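A structural walkthrough
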Amino acid sequence: MAATKVDGPAIGIDLGTTYSCVAVWRHDRGEVIANDQGNRLTPSCVAFTSTERLVGEAAVNQAALNPTNTIFEVKRLIGRRFSDESVKEDANLWPFKVVAGNDERPMIVVQHEGKEKQFMPEEISSMVLVKMRETAEVYLGKKIKNAVITVPVYFNNSQRQATIDAGAIAGLNVMRIIAMSQPPLPLYMMPVSNKRRTVLVFDLGGGTFDVSLLNIDPGTNMDKGLFEVVAIAGDTHLGGADFDNEMVKYSLREFIRKHGKIDIHSNQKALRRLRTACERAKGMLSSTAQTTIEVDSLHDGIDFCTTITRSRFEELNKDLFSKCMKALDKCLSDAKMDKRSVHDVVLVGGSTRIPKVQNMLREFFCGKELCQSINPDEAVAYGAAIQASILCGGTDDGRLVDMLLRDVTPLSLGIETEDNFTMSVIIPRNTSIPTKKSRRFTTIDDNQTTVSIPVYEGESAKTWNNNLLGKFELTGIPPAPRGKPRLETTFEIDANGILKVSEEDLDTGRKNGITILNHGGRLRKEEIARLVLKAER
């Protein structure tokens, strides 16, 4: 892996749905950095008041009194369209308002400094990233510009692009976007072995779920290791927040059954307080068989208290647990690997503390002990810090410098070449990246000088069920009878998992650029520049 010497330290940031974490690699060891409250995890929460903007614990602490202007779980919006089903479902549960903006981009509406303002998800995420950057700057006593930011394995092209944009708005040079499976945690967090091993990383966080299968080859001399992602699966809309939602729904049913107060659904302050109580109860159920969900004067002066058992919690979320296991099955199936071939199962993400999750995994892997020697909340940031150090040439540790990481693309990439909406796959999912693949096309009309080809990502045979990334516009083709021009289009995915496109007329040798039209994914450069200036004010 090539390293480039950069000014100042480089940090690793785990930009999470519910919590974020920042780490740095120095003196040949990783350090997770505590924030100004002394906590190593910072809530991914931003609040707006009449006088100021709050991020982290300060935002959470006032959420019950200011629910409509306290923004959380914004990672579930980033890189998505307002018309996406998941966006509509989430918007119905959130106390803050989400509306459609330009290019179908979801916009978050708040009252701030006496005015109604709208923010893009990238802007809110950038505010959390600024908090992470400032936390590291205080600790290290230096200005920081360079960072590696993690994304869920199953983030698509638009979501990865939007995360890079959020980093740029935060004033960061995003050296690399890496999937959560990619950091070389097994080498540093697991017992050293000189044998090739297959490791399954089960990452269930606050809002996303990833399962990754990796082959780890220590190399001939233990200094040159290969980490190869064999297959991935997951859900960018499955995590601890969904377990919380089921508990909130259950509690509301109980409150209405006991008191008949249906109008509680419109009391955003009550819903925010109830959600906090449910989050606390969920955590308690990881260590006790039953607990209470209790909120004083929840609605119309009525106190609410109900007992919930671990078995009831598991019943409420049985469909979500089932989704986790289906994704696990899919990952092994894609890799054409038997579960008995897996040597280690590594747990990452706070939601893997849930006893039901651990029991399901032990049962699935025939009683195998799970690797719990790493801190599931901090592992991803730790790995990102390692990658940041490698990329900037800031480590003398040979184990790091000579380590090769090979990731895969999460979704198939293809085009629609005919009028029957058939998806023609060019880069199949689970293809190792970086990668470059080419395919030849031609014209369908006489004297055609421009060809427009829609580009999609997804697994459906029909393009209408897949995600439109944009359109290739191939221009400057010399007039000729249809079918005669030989046009070679190349898809290239870089180490960030970002798609780039180029085109060449093989008959003339003339190369043309291809424009991927903006469909609500990536911000234009001038928009980013404007938002950077806005953020600095």
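- As named in an unreviewed UniProt entry, the protein is Heat shock protein 70, taken from Sorghum bicolor.
- Per UniProt, the comment on the protein under Subcellular location (unreviewed entry) is "Endoplasmic reticulum lumen".
- The record held by UniProt for the protein lists under Sequence similarities (unreviewed entry) the comment "Belongs to the heat shock protein 70 family."

1. Some points on the sheet that holds strand β21 (residues 424–427)
- Taken together, the four strands give an open sheet; going across it, the order is β21-β20-β24-β25, and neighbouring strands pair in antiparallel fashion. Every interior strand has two partners, whereas the edge strands, β21 and β25 (467–474), have only one. When the angles between neighbouring strand axes are averaged without regard to direction, this sheet yields 35 degrees.

2. A short note on the packing of aromatic side chains
- Under the defined criterion, the tally for this structure stands at eleven aromatic pairs.
- Arranged with centres 6.2 Å apart and planes meeting at 90 degrees, the rings of Trp25 and Tyr382 form a pair that is edge-to-face. Taken together, the residues span a long stretch of sequence, with Trp25 in strand β2 (residues 19–26) and Tyr382 in helix α11 (residues 379–391) at a distance of 357 residues. The same class applies to Trp25 and to Tyr382, which are both buried.
- With a centroid separation of 6.2 Å and an interplanar angle of 65 degrees, the aromatic rings of Phe243 and Phe313 are classed as edge-to-face. With Phe243 in helix α6 (residues 240–259) and Phe313 in helix α8 (residues 310–316), this residue pair connects regions lying 70 residues apart in the sequence. Grouping residues by exposure puts Phe243 and Phe313 together as buried.
- Positioned above the aromatic ring of Phe155 is the side chain of Lys75, whose terminal nitrogen or guanidinium carbon lies 5.9 Å from the ring centre.
- A cation sits over an aromatic face here: Arg272 above Phe72, 5.0 Å from the ring centre.

3. Comments concerning the sheet that holds strand β10 (residues 115–119)
- An order of β8-β9-β10 is seen for the three strands of this open sheet, with the pairing classed as antiparallel. A strand with exactly one partner marks an edge of an open sheet, and here the two such strands are β8 (97–100) and β10. Here the strands of the sheet are splayed against their neighbours by 40 degrees on average, with no regard to which way each runs.
- Pairing geometry for strand β9 (residues 106–112) and β10, over five bridges, is antiparallel. Opposite Gln111, over in β10, you have Glu116 as the bridge partner.
- Here helix α3 (residues 121–140) sits on the sheet in contact with β9 and β10, set at roughly 90 degrees to β10.

4. Comments concerning the side chain of Asn35
- Within the fold, Asn35 resides in the loop between β3 (29–32) and β4 (42–43).
- Within the structure, Asn35 has its side chain in polar contact with the side chain of Glu57 (distance 3.0 Å).
- When neighbours within four sequence positions are excluded, Asn35 is seen to be in contact with Leu41, Thr42, Glu57 and Thr135.

Rules behind the numbers
Starting from 1, residues in each chain are numbered consecutively following that chain's sequence as written. At least 70 in pLDDT is required for a residue's local features to be given in this predicted model, at least 80 for side-chain atom pairs to be given and counted, and no such filter applies to totals for whole chains, interfaces and linings, which use all residues. The basis for every side-chain value is the complete set of non-hydrogen atoms in the structure, without hydrogens or water. UniProt positions are given in the numbering used here, feature names are shortened, and annotations may be inferred rather than shown by experiment. Paired strands are those between which DSSP finds at least two bridges. The helix and strand labels rest on DSSP assignments: H or I over at least four residues marks a helix, E over at least two residues marks a strand, and numbering proceeds from the N terminus. Between the N-to-C directions of two axes lies an angle of 0 to 180 degrees, each axis being a line fitted to C-alpha atoms and, for a helix, fitted only over the stretch in contact. In this analysis, rings of Phe, Tyr and Trp, with Trp reduced to its six-membered ring, are considered paired at centre separations within 6.5 Å, and the interplanar angle assigns stacked below 30 degrees, edge-to-face beyond 60, and tilted for intermediate values. We call a residue buried when its accessible area falls under 20% of the maximum for its residue type, exposed when it is over 50%, and partly exposed in between, using a 1.4 Å probe and counting protein chains only. For a ring to carry a charge above it, either NZ of a lysine or CZ of an arginine must fall within 6 Å of the ring centroid while also lying within 35 degrees of the normal to the ring plane. Should any heavy atoms of two residues lie within 4.5 Å, those residues are considered in contact. Pairs of N or O atoms are called polar contacts if they sit within 3.5 Å, as long as, within protein, a hydrogen donor faces a hydrogen acceptor (for residues adjacent in sequence, only side-chain-to-side-chain pairs).

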